[in-house]
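Topology and contacts: notes
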Amino acid sequence: MGEGQNKGELKKSYGISVDTYGGKVHVEWNPEAAVTPLGQLPFFINFIKVSGLYDAFIEECPLQYGSSNAPTKEDVLGTLLLSVLAGQRRYAHITAIRSDGVNPSLLGMTKVVSEDSARRALKGMDEQQGVEWLETQLSRVTRPALSIGPWILDVDTTVKCLYGKQEGAVVGYNPVKPGRPCHSYHSYFMANTRLSLTVEVNAGNHSSSHHVAPGLWQLIESLPENKRPAFIRADVAFGVEPILAEAEARGIHYLSKLRLTSNVKRLIKKLFNSDSWVDAGYGFSGTEAVLQLSGWSKSRRVIVIRRELMGEVAMVDGNTPEQLDLAFVETLDKVKRYEYAVLVTSMQDEILTIAQHYRDRADMENCLDELKNQWGWGGYTTHDIKRCRMISRIVALIYDWWSIFVRLANPTKHHEALTSRPLLLHAVAKQTKHSGQTNITITSTHARAGDVQVVLIALAAFLKKLKTYAEHLNTAEKMKIIITCAFRLILQKPPAQPFYFALMPGAFDT
């Protein structure tokens with residue numbers, strides 16, 4: 001390295017020749033060039049700037065420093081934004097984006113802060129103020145979507161495995177790694193749109209509906225009457241008396257699954273030979289009944305659905321746990337075998353509709369999988385739980401921003417980050433300045449680079465029209481227009497105002 005060279009420091013001008021199968025090539029390093037691997041990020045920055053979301057995110061942040069040498073809020077929050085968008089999962093990964101010479105200045109940053117600065121910034125923030133700030137930002141994104149029509153609230157919990165001595169690292173319900181300490185994430189989503197309304201991080205043993213209920217009802221109470229969900233949809237853990245009774249007291253419909261307890265199995269046996277079974281879709285048949293379990297205060301409507309099992313059945317003898325015996329049992333053609341599920345609901349829709357509503361709940365599992373494995377819910381771990389609660393909301397907020405941005409580019413479906421980042425974010429870009437004008441040259445290596453270019457040009461035109469025509473509107477009014485355009489294909493009634501259609505770029509539909 002040489003005595004006059006600091007470790008890790010690149011020389012300003014240095015080259016070397018290397019032999020390749022294509023012949024000898026000359027390689028040079030240029031550490032001062034303004035380049036970035038996130039070359040198409042300026043289009044997303046344009047989106048959060050025109051909408052006003054990023055300005056509010058920065059201005060309302062309660063982060064304060066007493067030292068004149070401390071980084072600015074723009075630097076800290078911009079660094080976290082770049083880290084989350086790049087798909088990073090640890091604070092230590094922030095080092096990989098510190099050489100970005102293009103995007104930080106486009107976000108109004110003077111530098112990318114270090115991983116320690118990012119950790120200290122969240123640690124020094126008051127938890128209550130930080131949570132309230134982030135809840136406000138999430139509301140600013142999602143509340144306009146709640147007013148475009150009836151919607152469904154999906155509620156579920158997921159776990160984040162921990163491998164150290166973190167606060168709240170308690171052994172609880174962990175289907176992936178039983179016995180592993182974890183955090184419990186209480187998650188709330190707007191169905192179909194895949195927008196995260198909020199998330200709460202708790203100790204690993206706080207995963208039951210009893211622990212979720214306070215946050216659930218607090219979220220419901222925070223919504224105006226005209227923006228509350230058409231019904232709450234949840235899994236088997238929420239089909240219990242406290243949740244059902246509270247929903248009924250608030251006048252909110254619910255749909256949940258029941259555990260196959262002895263009384264529920266008794267009902268299934270009673271209905272087995274009934275002639276009231278009707279088609280429930282996808283090979284299922286269903287019937288309904290009224291049931292009052294021992295812990296319930298009243299009788300409730302239940303939907304029993306079943307599907308016939310075909311082929312051989314694998315049976316395991318659980319009496320010998322040391323050596324499990326696996327047997328395949330063949331039955332006569334006249335013997336029918338079924339799998340059952342029992343749903344409890346306060347809605348009066350037909351059986352086919354109720355069954356399809358619950359099948360659609362599987363989409364929430366995709367949301368949780370995407371946020372944990374493709375975003376940052378599975379990482380950014382610190383010793384204290386306070387920072388985990390704030391970073392989880394920051395990730396959910398950026399996830400919502402990106403989801404709406406991608407929906408504007410392609411309103412036909414939701415693109416997970418695994419495909420949307422290579423399409424709309426990753427590209428090599430070089431920034432040059434001449435005569436006071438900044439130019440960015442993008443080189444995409446994606447096979448659909450031409451299609452992406454057309455879409456991004458149309459998206460930039462849409463945002464330009466929005467900035468021109470809606471200059472007098474506030475952020476909430478702009479977000480209502482953006483949400484309506486992004487999710488127009490799933491709306492029951494498309495917008496009738498010509499103003500909305502004038503903003504919709506036709507290239508998006510193709």
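I will try to describe carefully the structure that is included in this document.

What counts, and where the lines are drawn
- Throughout, residues of each chain are indexed from 1 in the direction in which the sequence is written.
- Restriction of local features to residues with pLDDT of at least 70 applies here, the model being predicted, together with a cutoff of 80 or more for giving and counting side-chain atom pairs; totals for whole chains, interfaces and linings are based on all residues.
- Excluded from the side-chain calculation are hydrogens and water; included are all heavy atoms of the structure.
- Working definition: rings of Phe, Tyr and Trp (its six-membered ring) pair if their centres are within 6.5 Å, and the pair is stacked with planes under 30 degrees apart, edge-to-face with planes over 60 apart, and tilted otherwise.
- Helix and strand assignments follow DSSP, with helices taken as H or I runs no shorter than four residues and strands as E runs no shorter than two, numbered in order from the N terminus.
- Each residue is placed in one exposure class: buried if its accessible area under a 1.4 Å probe, protein chains only, is under 20% of its type's maximum, exposed if it is over 50%, and partly exposed if it falls in between.
- The rule for a charge over a ring is simple: NZ of Lys or CZ of Arg within 6 Å of the ring centre, and within 35 degrees of the ring normal.
- Each cavity reported here is a set of points on a 1 Å grid over the protein atoms alone in which a 1.4 Å probe fits but cannot get out, each pocket an open set with protein on both sides within 12 Å along at least five of seven lines, and each lining residue one with an atom within 4 Å of a point.
- Grid points are joined across faces, edges and corners, and a volume is the space filled by probe spheres set on the points.
- Residues were grouped as follows: Ala, Val, Leu, Ile, Met, Phe, Trp, Tyr, Cys and Pro as nonpolar; Asp, Glu, Lys and Arg as charged; and all remaining residues, including Gly, as polar.
- In this description, contact between two residues means that some pair of their heavy atoms is separated by no more than 4.5 Å.
- Each salt bridge in this description consists of a side-chain nitrogen of Lys or Arg and a carboxyl oxygen of Asp or Glu lying within 4 Å of one another.
- When DSSP finds at least two bridges between two strands, those strands are taken to pair.
- Every axis in this analysis is a line fitted to C-alpha atoms, fitted for helices over the stretch in contact. Angles between the N-to-C directions lie between 0 and 180 degrees.
- The nonpolar core is taken to be a set of buried Ala, Val, Leu, Ile, Met, Phe, Trp, Tyr and Cys residues, with the residues joined through side-chain atoms within 4.5 Å.
- Take the residue count of a helix, subtract one, and multiply by 1.5 Å to get its expected span.
- Here the word oblique covers every angle except those under 35 degrees (roughly parallel), over 145 (roughly antiparallel) and from 65 to 115 (roughly perpendicular).
- Each crossing is labelled by how the near helix is turned from the far one, with a counterclockwise turn of less than a right angle marking it left-handed and a clockwise turn marking it right-handed.

**Let's talk about the packing of aromatic side chains**
Applying the stated criterion across every chain yields a total of 15 aromatic pairs. Ring centres of F189 and W377 lie 6.5 Å apart, and the angle between their planes is 55 degrees; this geometry places the pair in the tilted category. Here W377 lies in the loop between helix 11 (362–373) and helix 12 (385–409) and F189 lies in strand 5 (residues 182–190), a separation of 188 residues in the sequence. Its relative accessible area of 1% is what places W377 among the buried residues. Among the aromatic residues, those joined into a cluster by ring pairs are F44, F47, W402 and F405. Taking NZ or CZ as reference, R306 lies 3.8 Å from the ring centre of W277, over its face. The ring of Y338 has R306 sitting right over it, with the charged end atom 4.2 Å from the ring centre.

**Let's talk about empty space enclosed by the protein**
Considering all chains together, one arrives at one cavity of 30 Å³ or more under this definition. There is about 60 Å³ of room inside the largest cavity. Residue lining of the largest cavity: I232, A234, F238, I243, L244, A247, Y254, L255 and S256, and that is the complete set. Looking at the lining of the largest cavity, the elements with two or more residues in it are helix 8 (241–249) and strand 8 (253–257). Classifying every residue of the lining of the largest cavity gives eight nonpolar, one polar and no charged.

**Looking at helix 1 (residues 41–50)**
Listing the buried residues of helix 1 in full gives L41, F44, I45, F47, I48 and V50. The inward-facing, buried residues of helix 1 contact helix 2 (53–59), helix 3 (73–85), helix 4 (103–106), helix 12, helix 14 (449–469) and helix 15 (475–486). Trailing helix 1 by a residue or two, G52 shows a phi angle of about 85 degrees, which is positive.

**Describing the pattern of salt bridges**
Taken as a whole and judged by the stated rule, the model has 22 salt bridges. Across the pair E416 and R194 runs a salt bridge, and its minimum N-O distance is 3.7 Å. With E416 in the loop between helix 12 and helix 13 (417–424) and R194 in the loop between strand 5 and strand 6 (195–203), this residue pair connects regions lying 222 residues apart in the sequence. Residues participating in the shared-partner salt-bridge network are E221, E225, R228, E246 and R250.

**Brief notes about the layout of surface pockets**
Empty space among the atoms can be located by rolling a probe the size of a water molecule over them. Quantified by volume, the largest pocket comes out at close to 430 Å³. At the level of elements, strand 4 (152–161) and helix 11 are the ones that each hand at least two residues to the lining of the largest pocket. The greatest single-element share of the lining of the largest pocket, amounting to five residues, is contributed by helix 11. Taken together, the residues that form the lining of the largest pocket break down as eight nonpolar, six polar and six charged.

**Let's talk about the sheet that holds strand 3 (residues 35–36)**
Read across the sheet, three strands follow the order 3-15-16 without closing on themselves; strand pairing throughout is antiparallel. Only two strands of the sheet have a single neighbouring strand rather than two, namely strand 3 and strand 16 (437–443). The pairing of strand 15 (residues 428–434) with strand 16 spans seven bridges and is classified as antiparallel. Residue pairing for strand 16: A429 is matched across the bridge by I442.

**Observations regarding the sheet that holds strand 11 (residues 300–309)**
Within the open sheet, the nine strands sit side by side as 6-5-4-7-8-14-11-10-9. Their pairing is mixed. Every other strand in the sheet has two partners, leaving strand 6 and strand 9 (278–281) as the edge strands with one partner each. Averaged over all adjacent pairs, the angle separating strand axes in this sheet is 30 degrees, with direction ignored. In this structure, strand 4 lies alongside strand 7 (residues 231–233), joined through three bridges in parallel fashion. Its bridge partner being in strand 7, D154 is matched across the sheet by R233. Sheet strands touched by helix 11: strand 4 and strand 5. Its angle to strand 4, the strand with the most contacts, is close to 40 degrees.

**Regarding the nonpolar core**
Soluble, globular proteins show a tendency: their nonpolar side chains are buried together. Grouped together as the largest cluster of nonpolar side chains are 121 residues, with contacts concentrated most on F44, L153, W375, W401 and I404. With 17 residues, helix 12 is the largest single contributor of residues to this core. Excluding anything up to four places from it in sequence, F44 contacts L81, L85, W401, W402 and F405. By size, the runner-up hydrophobic cluster in this structure holds 15 residues, among which are I152, L255, I305 and A341.

**Remarks on the environment of I94**
The topology assignment puts I94 in the loop between helix 3 and helix 4. Look at I94 and you get buried, because its relative accessible area is 0%. With residues near it in sequence (within four places) discarded, I94 still touches T79, S83, Q88, V112, V113, S114, E115 and A118.

**Side note on the pairing of strand 10 (residues 284–291)**
Counting buried residues along strand 10, six of its eight residues qualify, which places the element largely inside the surrounding structure. Strand direction decides the pairing type here: strand 9 and strand 10, joined by three bridges, are antiparallel. Looking at the pairing, V278 lines up with G286 of strand 10. Taking the residues that link successive antiparallel strands as the turn, the strand 9-strand 10 hairpin has two residues, and the phi of Y282 there is positive, at about 55 degrees.

**Quick notes on helix 3**
In this model, helix 3 (13 residues) spans 18 Å end to end at C-alpha, consistent with the 18 Å of a helix rising 1.5 Å per residue. Of all 13 residues that make up helix 3, 11 are buried, and the element is covered over most of its length. Among the residues making up helix 3, those that are buried are D75, V76, L77, G78, T79, L80, L81, L82, S83, V84 and L85.

**Describing the packing of helix 12 against helix 15**
Packing of helix 12 against helix 15 brings their axes to within 8 Å, and their N-to-C directions diverge by 55 degrees. The angle between helix 12 and helix 15 falls in the class oblique. Note on packing geometry: the crossing formed by helix 12 with helix 15 is left-handed. Contact with helix 12, carried on its side by I404, R407 and L408, involves M479, I482, I483, C485 and A486 of helix 15 and no other residues of that element. Residue composition of the contact of helix 12 with helix 15, by class: seven nonpolar, no polar and one charged.

Geometric values such as these leave the question of function open.
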